[in-house]
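# Working through the structure, step by step
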Amino acid sequence: MDDCSLDEFRRRWLEELAQAQAPRKRRRPEAAERRARRPEVVPGRGEQASGDSALAQGLLEGAGRPPAARATRTEGQDVASRSRSPLAREGAGGGEQLVDQLIRDLNEMNDVPFFDIQLPYELAINIFQYLNRKELGRCAQVSKTWKVIAEDEVLWYRLCQQEGHLPDSSISDYSCWKLIFQECRAKEHMLRTNWKNRKGAVSELEHIPDAVLCDVHSHDGVVIAGYTSGDVRVWDTRTWDYVAPFLESEDEEDEPGMQPNVSFVRINSSLAVAAYEDGFLNIWDLRTGKYPVHRFEHDARIQALALSQDDATVATASAFDVVMLSPGEDGYWQIAAEFEVPKLVQYLEMVPETGRYPVAVAAAGDLMYLLKAEDSARTLLYAHGPPVTCLDVSANEVAFGVQGLGWVYEGSKILVYSLEAGRRLLKLGNVLRDFTCVNLSDSPPNLMVSGNMDGRVRIHDVRSGNVALSLSAHQLGVSAVQMDDWKVVSGGEEGLVSVWDYRTNQKLWEVYSGHPVQHISFSSHSLITANVPYQTVMRKADWDSFTTHRRHRGLIRAYEFAVDQLAFQSPLPVCRSSCDAMATHYYDLALAFPYNHV
């Protein structure tokens with residue numbers, strides 16, 4: 001910009017500023033002339049004005065610019081064109097203040113915004129922590145200073161923790177959390193693609209000859225199963241080593257297969273529990289060995305069994321008594337609390353995250369009790385209504401299904417109660433058939449999934465109390481169901497396991513076996529299903545074969561989706577069974593994971 005253009009710019013800007021201030025402050029006309037004749041302020045002489053407006057005023061009156069690198073000829077032409085832009089917009093009717101335009105021009109000339117120099121780095125980190133990954137990426141493209149802030153390790157470590165990646169790690173474990181976050185996102189995308197396209201490996205856990213599967217439970221990839229022979233086996237599907245050890249009973253003189261049938265099995269990260277038909281209860285510590293650390297005896301058959309997923313607490317229901325067992329300070333197991341209920345208990349669950357004193361929820365016919373071990377208190381939550389048909393518990397709420405009353409034209413419902421307040425929060429659904437299963441603890445926030453005898457899987461919005469989605473999943477009743485943030489896996493009494501993408505209301509794939517699906521548990525990379533027969537009929541040894549086992553003895557499958565299509569050429573066990581499979585039998589699925597790749 002030449003001297004004539006600069007003088008013209010200053011003169012016009014001062015005239016406009018004087019015209020804008022004259023009506024408000026009612027100054028004499030000579031004030032503008034006196035201000036125009038004010039001596040120029042030279043840097044280093046006298047006191048320099050503070051603030052952005054004072055800086056612009058000084059520059060227009062001839063003061064020097066802030067220290068900056070000398071611009072090239074091309075940059076000088078850009079600066080001149082930007083400086084002339086207010087004059088050009090003035091003729092077009094633009095009402096923007098020239099001082100704001102001048103400040104923006106100075107920002108562009110220095111390539112650094114003003115607040116980048118004045119804002120402390122710690123304060124900038126506190127502001128940027130409210131941004132998501134996309135917003136941080138956009139901010140990193142603003143300037144070099146913003147790029148340094150947007151790629152700070154604290155911000156990307158926080159994003160990893162928020163999205164559930166590497167929850168047990170600390171910020172010092174890795175040097176570049178942005179790269180770790182990108183790798184976790186890529187792995188998550190690959191797993192989701194494998195789930196949708198049925199890419200992975202499937203293993204059938206080895207069965208016990210001359211025994212029928214009675215009950216199955218799993219926790220974090222570790223599976224426990226009980227059989228009519230009294231045997232209890234445990235598999236760790238996380239290591240691909242499916243040679244399951246037997247959990248022995250306390251009586252070493254008992255021969256395998258001579259024990260009574262197993263009624264229930266439960267497992268968590270440290271304990272395995274099995275209840276038998278004769279009222280005995282065995283508790284094993286998975287860290288110490290295969291022999292039980294405690295053995296408890298009831299006078300009658302055990303009707304319900306529950307194991308806390310957080311700590312070492314076991315609850316059993318036999319006849320009209322509910323007993324809670326836990327180890328004391330000396331390590332020896334003892335009775336923590338004992339309760340008496342007026343009816344037989346059908347459903348029993350432990351409330352998670354209760355701290356030192358365990359809490360359980362028991363359903364006995366048309367009664368629902370909250371049992372607290374702290375003071376052996378028995379609180380009645382629900383009474384004198386239709387009988388309870390299913391039950392599930394989260395840290396703060398309990399959800400259970402109740403039968404319908406056909407003679408008053410009232411359908412089956414799911415009731416949600418607050419454990420802290422002890423009152424009903426919601427009444428969901430009003431259908432003709434009974435609800436057979438409900439999953440509240442594993443569902444995403446504000447959602448809950450349930451299964452019904454009409455073969456439909458329903459996703460409930462607990463905020464509004466409405467049914468968000470209803471899927472016609474099975475021909476017979478739904479026996480097991482679980483959901484996460486994008487899919488639903490359900491099992492039916494006809495033996496079908498179905499996987500749905502509920503965001504698009506689309507069935508992804510299904511697998512069939514000949515018994516009702518009694519257990520479903522999945523994570524982001526694995527799925528465990530168990531088909532348990534209703535009739536535990538012993539069969540002769542000479543009849544035993546792989547086909548006979550699959551038809552009459554139950555089946556446990558473990559799916560792993562953390563491998564791609566190349567895994568079929570790897571030594572991973574796609575089918576781990578001691579018997580030869582008959583490829584022509586329809587139980588081989590035809591197949592979700594074809595055997596011709598083995």
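Keep in mind it's a predicted model, so treat the numbers as computed, not measured.

Parameters at a glance
- Residues numbered from 1 in each chain as written.
- Predicted model: local features only at pLDDT ≥ 70, side-chain atom pairs only at ≥ 80, totals over all residues.
- Heavy atoms only, no water.
- Helix = DSSP H or I, 4+ residues; strand = E, 2+ residues; numbered from the N terminus.
- Buried < 20%, exposed > 50% of the residue type's maximum accessible area, 1.4 Å probe, protein only.
- Contact = heavy atoms within 4.5 Å.
- Areas by Shrake-Rupley, 256 points an atom, 1.4 Å probe, with all protein chains shown as cover.
- UniProt positions renumbered as here; feature names shortened; annotations may be inferred.
- Phe/Tyr/Trp six-rings, centres within 6.5 Å; stacked < 30°, edge-to-face > 60°.
- Lys NZ or Arg CZ within 6 Å of the ring centre and 35° of its normal.
- Core = buried A, V, L, I, M, F, W, Y, C linked by side-chain atoms within 4.5 Å.
- Patch = residues over 30% accessible without salt bridge, like charges linked within 9 Å, V, L, I, M, F, W, Y side chains within 5 Å.
- Salt bridge = Lys/Arg side-chain N within 4 Å of Asp/Glu carboxyl O.
- Pairing = 2+ DSSP bridges.
- Arc of directions from axis to C-beta.
- Axes fitted to C-alpha atoms, helices over the stretch in contact; angles between N-to-C directions.
- Parallel < 35°, antiparallel > 145°, perpendicular 65-115°, else oblique.
- Left-handed = near helix turned anticlockwise from the far one by under 90°.
- Expected span 1.5 Å × (residues − 1).
- Lys, Arg positive; Asp, Glu negative; His and termini not counted.
- Charge placed at Lys NZ, Arg CZ, Asp CG, Glu CD.

What follows is about the overall build of the protein. Each helix and strand in the protein was counted, giving 13 helices and 31 strands. Burial analysis of the protein (598 residues in total) assigns 46% to the buried set. Long-range contacts, defined here as pairs at least 24 residues apart, represent 46% of the contacts in the protein between residues at least 6 apart. With an accessible surface of roughly 31,400 Å², the protein has 49% of that area assigned to carbon and sulfur atoms.

As recorded in UniProt, the feature "repeat: WD" (unreviewed entry) lies at residues 471–510. Secondary structure within residues 471–510 divides into 0% helix and 62% strand; the distance between the first and last C-alpha atoms comes to 14 Å.

Considering all chains together, one arrives at twelve aromatic pairs under this definition. Between Tyr 157 and Trp 177 the ring centres are 4.9 Å apart and the planes differ by 70°, which places this aromatic pair in the edge-to-face class. One end of the pair, Tyr 157, is in helix H11 (residues 153–162); the other, Trp 177, is in helix H12 (residues 177–197), and 20 residues separate them in sequence. Judged by relative accessible area, which is 0%, Trp 177 ranks as buried. Plain terms: the ring middles of Trp 195 and Phe 561 are 4.2 Å apart, the flat faces sit at 25° to each other, and that makes the pair stacked. Placement of Trp 195 in helix H12 and of Phe 561 in the segment after strand S31 (555–560) is noted, with a sequence separation of 366 residues between them. Look at Trp 195 and you get buried, because its relative accessible area is 1%. Pairwise contacts between aromatic rings join Trp 195, Trp 509, Phe 522, Tyr 559 and Phe 561 into one cluster. Directly above the aromatic system of Trp 486 lies the positively charged group of Lys 196, at a separation of 5.5 Å from the ring centroid.

This brings us to the nonpolar core. Grouped together as the largest cluster of nonpolar side chains are 19 residues, with contacts concentrated most on Val 322, Met 324, Val 345, Leu 348 and Leu 371. Membership of the second largest hydrophobic core comes to 18 residues, among which are Leu 136, Trp 156, Leu 159 and Trp 177.

Let us now look at a nonpolar patch on the surface. Together, Leu 119, Leu 123 and Ile 127 give the surface a local cluster of nonpolar side chains, amounting to about 230 Å² of exposed area. With respect to the element layout, Ile 127 can be found in helix H8 (residues 121–128).

Quick look at the pairing of strand S6 (residues 271–276) now. Successive residues of a regular strand alternate their side chains across the two faces of the sheet. For S6, a buried count of six out of six residues is recorded, marking the element as mostly surrounded by other parts of the structure. Taking every second residue as pointing to the same face, both faces of S6 are buried, with Leu 271, Val 273 and Ala 275 on one and Ala 272, Ala 274 and Tyr 276 on the other. Looking at chain direction, strand S5 (residues 262–267) and S6 are connected through five bridges and run antiparallel. Within S6, the residue paired with Phe 264 across the bridge is Ala 275. The pairing of S6 with strand S7 (residues 280–285) spans five bridges and is classified as antiparallel. Considered in S7, the bridge of Ala 275 is made with Leu 281. What sits between the antiparallel neighbours S6 and S7 is a turn of three residues, in which Gly 279 has the positive phi angle 95°.

The complete set of buried residues in H8 reads Ala 124, Ile 125 and Phe 128. End-on, the buried residues of H8 take up no more than an arc of 100°, which puts them together on one face. Structurally, H8 contributes buried residues whose contacts are with helix H9 (133–139), helix H10 (144–150) and H11.

On to the packing of H11 against H12. Close contact between H11 and H12 brings their axes to 8 Å; oriented N to C, the two are set at 25°. Here H11 lies roughly parallel to H12, going by the angle between them. Two packed elements cross with a definite hand, and for H11 against H12 that hand is left-handed. On the side of H11, the interface is formed by Glu 153, Trp 156, Tyr 157, Leu 159 and Cys 160, while H12 contributes Trp 177, Lys 178 and Phe 181.

The subject of this paragraph is the sheet that holds strand S8 (residues 294–297). Sheet strands associate in pairs through backbone hydrogen bonding, adopting either a parallel or an antiparallel arrangement. Reading across the sheet, the four strands line up as S5-S6-S7-S8 and stay open at both edges, with antiparallel pairing between neighbours. With partners counted over all chains shown, the strands left at the sheet margins are S5 and S8, one partner each. For this sheet, the mean inter-axis angle between neighbouring strands, taken without regard to orientation, is 15°.

With that settled, consider the pairing of strand S17 (residues 388–393). For S17, the tally of buried residues reaches six of six residues, placing the bulk of the element in the interior. Across five bridges, the pairing between S17 and strand S18 (residues 397–402) is antiparallel. For Cys 390, the partnering residue across the bridge sits in S18 and is Gly 401.

What follows concerns the environment of Ile 414. For Ile 414, the location among the structural elements is in strand S19 (residues 412–418). Separated by 13 residues in sequence, Ile 414 and Gly 401 have C-alpha atoms that sit 4.2 Å apart. Sequence-distant contacts of Ile 414, that is, excluding residues within four places in its chain, are made with Ala 399, Phe 400, Gly 401, Leu 426, Lys 427, Leu 428, Phe 435, Val 438, Met 448, Ser 450 and His 460.

A word on H12. If you check H12, its first and last C-alpha atoms are 30 Å apart, about what 21 residues at 1.5 Å a residue would give, namely 30 Å. Taken together, the buried positions of H12 are occupied by Trp 177, Ile 180, Phe 181, Cys 184, Leu 191, Asn 194 and Trp 195. Axial view of H12: buried residues confined to an arc of 150°, hence all on one face. A positive backbone phi angle near 60° is found at Arg 198, which sits one or two residues after H12.

Before going further, it helps to spend a moment on the pattern of salt bridges. Scanning the model with the defined rule gives 19 salt bridges in all. Salt-bridge contacts for Arg 192 lead to Asp 485; the nearest nitrogen and oxygen are separated by 3.7 Å. Note that Arg 192 is positioned in helix H12 and Asp 485 in the loop between strand S25 (478–483) and strand S26 (487–492), a separation of 293 residues in sequence. Residue class for Arg 192 comes out partly exposed when judged on its relative accessible area of 22%. The shortest N-O distance in the salt bridge between Arg 557 and Glu 204 comes to 3.7 Å. Of this pair, Arg 557 sits in strand S31 while Glu 204 sits in strand S1 (residues 201–204); the two residues are 353 residues apart in sequence, bridging distant segments of the chain.

Quick look at unusual backbone geometry now. Of note in the backbone geometry, Asn 446 takes a positive phi value of approximately 70° without being a glycine. Look at Asn 446 and you get partly exposed, because its relative accessible area is 36%.

A cluster of acidic residues, Asp 278, Glu 297, Asp 299, Asp 321, Glu 338 and Glu 340, forms a negative patch at the surface. Summarising the element assignment, Asp 321 is placed in strand S11 (residues 321–327).

Before going further, it helps to examine the environment of Pro 386. Note that Pro 386 resides in the loop between strand S16 (377–382) and S17. The class for Pro 386 is buried, based on a relative accessible area of 17%. As for Pro 386 and Gly 401, which are separated by 15 residues in sequence, their C-alpha atoms are 9.3 Å apart. Discounting chain neighbours no more than four positions away, the residues touching Pro 386 are Asp 366, Val 402, Gln 403 and Leu 405.

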